[in-house]
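# Working through the structure, step by step
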Amino acid sequence: QVQLVESGGGLVQAGGSLRLSCAASGRTLSNNAMAWFRQAPGKEREFVSGISYSGRTTYYKDSVKGRFTISRDNAKNTVYLQMNSLKPEDTALYYCAADGRWRGGVRTTDEYTYWGRGTQVTVSS
């Protein structure tokens, strides 16, 4: 059974940075696309960023382009989200997700097989 555990969230002032980590256990995910989603109070969960199994291809929500960077370390079975220039509107519960398909493309919808429980990011103005 695959487990995803997010960490690195917290409270930060606007303009600050955080680095989220998502550690996978149960089996290697080096052949699976992974992604970060977020859900703010009263809003639907939304795609933030995704990365192909190789790490060569990445996708970002328009509002985070140039500020967030997704990466992965397949040797550590871990994916990261570096978040810079944070804004109050980035406040949300951030989830890590992994696609169950072998070497499938990155999806921007929430059709992922495995999900973590989330880590809270709060950006104060």
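Thresholds, definitions, all that
- Residues numbered from 1 in each chain as written.
- Predicted model: local features only at pLDDT ≥ 70, side-chain atom pairs only at ≥ 80, totals over all residues.
- Heavy atoms only, no water.
- Core = buried A, V, L, I, M, F, W, Y, C linked by side-chain atoms within 4.5 Å.
- Buried < 20%, exposed > 50% of the residue type's maximum accessible area, 1.4 Å probe, protein only.
- Helix = DSSP H or I, 4+ residues; strand = E, 2+ residues; numbered from the N terminus.
- Contact = heavy atoms within 4.5 Å.
- Pairing = 2+ DSSP bridges.
- Axes fitted to C-alpha atoms, helices over the stretch in contact; angles between N-to-C directions.
- Polar contact = N/O pair within 3.5 Å; in protein donor to acceptor, adjacent residues only side chain to side chain.
- Phe/Tyr/Trp six-rings, centres within 6.5 Å; stacked < 30°, edge-to-face > 60°.

A separate point is the nonpolar core. If you look at the biggest cluster of nonpolar residues, it comprises 27 residues, and the most contacted ones within it are L4, M34, W36, F68, L81, M83 and Y94. The set of elements that each furnish at least two residues to this core consists of β3 (18-25), β4 (34-39), β5 (46-51), β7 (68-73), β8 (78-83), β9 (92-98) and β11 (119-124). Setting aside chain neighbours within four positions, we find L81 in contact with L18, R19, L20, W36, V48, S49, F68, T69, I70 and Y94.

What follows deals with the sheet that holds β7. On the basis of which strands lie adjacent, the open sheet formed by four strands has the order β1-β3-β8-β7 and antiparallel pairing. Looking at the sheet topology across the chains shown, the edges are occupied by β1 (3-7) and β7. Within this sheet the neighbouring strands show an average axis-to-axis angle of 15°, counted without direction. Note that β1 and β3 share five bridges and pair antiparallel. Paired with S7 across the two strands is S21, which belongs to β3.

Of the two faces of β7, the one lined by F68, I70 and R72 is fully buried and the one lined by T69, S71 and D73 carries no buried residue. Where β7 meets β8, six bridges bridge the pair, whose relative direction is antiparallel. By the bridge assignment for β8, T69 is matched with Q82. Taken together, β7 and the strand that follows it, β8, pair antiparallel across an intervening segment of four residues, in which N77 is found at a positive phi of about 55°.

With respect to the secondary-structure elements, R67 resides in the loop between β6 (58-60) and β7. Of note is the side chain of R67, whose polar atom sits 2.8 Å from the side chain of D90.

Given two aromatic rings, one states the distance between the centres and the angle between the planes to describe the pair. Overall, the coordinates contain four aromatic pairs when judged by the stated rule. Taken together, a centroid distance of 5.6 Å and an interplanar angle of 80° make the contact between F37 and F47 edge-to-face. Here F47 lies in strand β5 and F37 lies in strand β4, a separation of ten residues in the sequence. Assigned by exposure class, F37 and F47 land together as buried. Between F37 and Y112, the ring centres sit 5.6 Å apart and the planes meet at 75°, which makes this aromatic pair edge-to-face.

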